[in-house]
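Structure at a glance
The primary structure of each chain is shown beneath.
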Amino acid sequence: MSPLSIARPVRDCGSCELRSLRMFCNLDAEALSDFGSIGVQANLPKGAKLFREDGPSHGVFVICTGQVKLSCTSREGRTLILKIAMPGDVLGLGAVISGSTYEVTAETMEPTQIKNIRREDFLAFLQKHGEASLHAAKSLSEEYKAAFFDARRLALSGSAAGRLAGVLLDWGRAASCGKPEMRFTMALTHEELANLVGSSRETVTRMLGRFKRQKLIQMRGASILILSPERLEQLSA
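Reference entry: report on the structure contained in this document. (Residues numbered from 1 in each chain as written. Predicted model: local features only at pLDDT ≥ 70, side-chain atom pairs only at ≥ 80, totals over all residues. Heavy atoms only, no water.)

To continue, consider the pairing of strand 9 (residues 112–118). Strand residues, when the strand is regular, have side chains that alternate between the two faces of the sheet. The buried fraction of strand 9 amounts to six of the seven residues, a majority that puts the element mostly inside the structure. Of the pairings in the sheet, the one linking strand 2 (residues 40–44) to strand 9 comprises five bridges and is antiparallel in character. Within strand 9, the residue paired with Gln41 across the bridge is Lys115. With six bridges connecting them, strand 4 (residues 59–65) and strand 9 associate as antiparallel partners. (Buried < 20%, exposed > 50% of the residue type's maximum accessible area, 1.4 Å probe, protein only. Helix = DSSP H or I, 4+ residues; strand = E, 2+ residues; numbered from the N terminus. Pairing = 2+ DSSP bridges.)

Next up, the structure:
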């Protein structure tokens, strides 16, 4: 049975606490009502695939809770983790708007709640609401900028420590939602984290230990608290 077979209609987007965090949730009353009337909601287990690289773009996915890993694979079978998507992120947007295949594979990293909107319904929604279309353009622009900064970090950062510091800062800022405390749950293994920053598992493990000893971060199990964002920023520059 497909994980999406347990989906159910969603009509309560107006009360969603993520409204102020992401573009497609922060709409006017009429657009928000229409947005809430389309799509289905599903609770997915860890390891569920939302879509696969080069698969047909059948819809967009809004993350309500949980985390989703976005990755691509080379012809030689090497997998590169591109991003960890967070609550409020809209996945598959570019492929759905352009009518192309999905560029990446999206896989849940923990039990995750998503809202799936069929391509036809989503495009009709954008056509009806100009504000939502503008939000879509802004969201695509943000995706482009994020991809550019990630590529620059991997290509130009002079050290594994700098690349790792940049990733930890990005996750801390995303999880804090503007609050002073930057705490998040590390859902990646050290091997996956090494893949994300272009390093080895041994190096990542060593760097995390070094950051902990230098009181840049605090680690308790999978929970990480950024203690010194300024020093991490200096490392990642």
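Attention shifts here to the packing of aromatic side chains. For the structure on display, the rule yields four aromatic pairs. Judged by centre distance (5.6 Å) and plane angle (50 degrees), the ring pair of Phe35 and Phe125 falls under tilted. Of this pair, Phe35 sits in helix 1 (residues 29–37) while Phe125 sits in helix 3 (residues 119–128); the two residues are 90 residues apart in sequence, bridging distant segments of the chain. Under the relative-accessibility criterion, Phe125 is labelled buried at 4%. Ring centres 5.9 Å apart and planes at 75 degrees place the aromatic pair Trp171 and Phe184 in the edge-to-face group. (Phe/Tyr/Trp six-rings, centres within 6.5 Å; stacked < 30°, edge-to-face > 60°.)

Attention now goes to the sheet that holds strand 6 (residues 79–85). On the basis of which strands lie adjacent, the open sheet formed by four strands has the order 3-8-5-6 and antiparallel pairing. Two strands close off the open sheet at either side, each with one partner strand: strand 3 (49–51) and strand 6. The sheet shows a mean angle of 30 degrees between the axes of neighbouring strands, direction not considered. Two strands pair when backbone bridges link them, and strand 5 (residues 68–73) and strand 8 (residues 105–108) are joined in this way by four bridges, in the antiparallel orientation. Considered in strand 8, the bridge of Ser71 is made with Thr105. (Axes fitted to C-alpha atoms, helices over the stretch in contact; angles between N-to-C directions.)

Once that is clear, we can look at the side chain of Lys69. Considering the arrangement of structural elements, one finds Lys69 in strand 5. Here Lys69 falls in the buried class, since its relative accessible area comes to 13%. A polar side-chain atom of Lys69 sits 3.0 Å from a polar atom in the side chain of Glu192. Not counting residues up to four positions away in its chain, the partners in contact with Lys69 are Ile81, Lys83, Ile84, Thr105, Ala106, Glu107, Met109, Leu188 and Glu192. (Polar contact = N/O pair within 3.5 Å; in protein donor to acceptor, adjacent residues only side chain to side chain. Contact = heavy atoms within 4.5 Å.)

Below, the discussion takes up the sheet that holds strand 10 (residues 183–185). An order of 10-12-11 is seen for the three strands of this open sheet, with the pairing classed as antiparallel. Each edge of the sheet is formed by a strand with only one pairing partner; in this case those strands are strand 10 and strand 11 (217–220). Each strand axis lies, on average, 20 degrees off the axis of its neighbour in the sheet, ignoring direction. Pairing between strand 10 and strand 12 (residues 223–226): three bridges, direction antiparallel. Within strand 12, the residue paired with Phe184 across the bridge is Ile224.

Another point: the pattern of salt bridges. Applying the stated rule across the entire model yields nine salt bridges. The residue Lys128 makes a salt bridge to Asp34 at a minimum N-O spacing of 2.8 Å. Separated by 94 residues along the polypeptide, Lys128 in helix 3 and Asp34 in helix 1 bring together distant segments of the chain. The partner of Glu107 in a salt bridge is Lys49, and the shortest N-O contact between them spans 3.6 Å. With Glu107 in strand 8 and Lys49 in strand 3, this residue pair connects regions lying 58 residues apart in the sequence. Look at the salt bridges and you will find they share partners, linking Glu191, Arg201 and Glu202 into a network. (Salt bridge = Lys/Arg side-chain N within 4 Å of Asp/Glu carboxyl O.)

A few words now on unusual backbone geometry. With a phi angle near 70 degrees, Asp54 is a residue other than glycine that sits in the positive phi range. Counting through the fold element by element, Asp54 comes out in the loop between strand 3 and strand 4. On the accessibility criterion, Asp54 (56% relative accessible area) is exposed. Of note, the phi angle at Lys215 is positive, near 60 degrees, even though the residue is not glycine. Along the polypeptide, Lys215 turns up in the loop between helix 7 (201–213) and strand 11.

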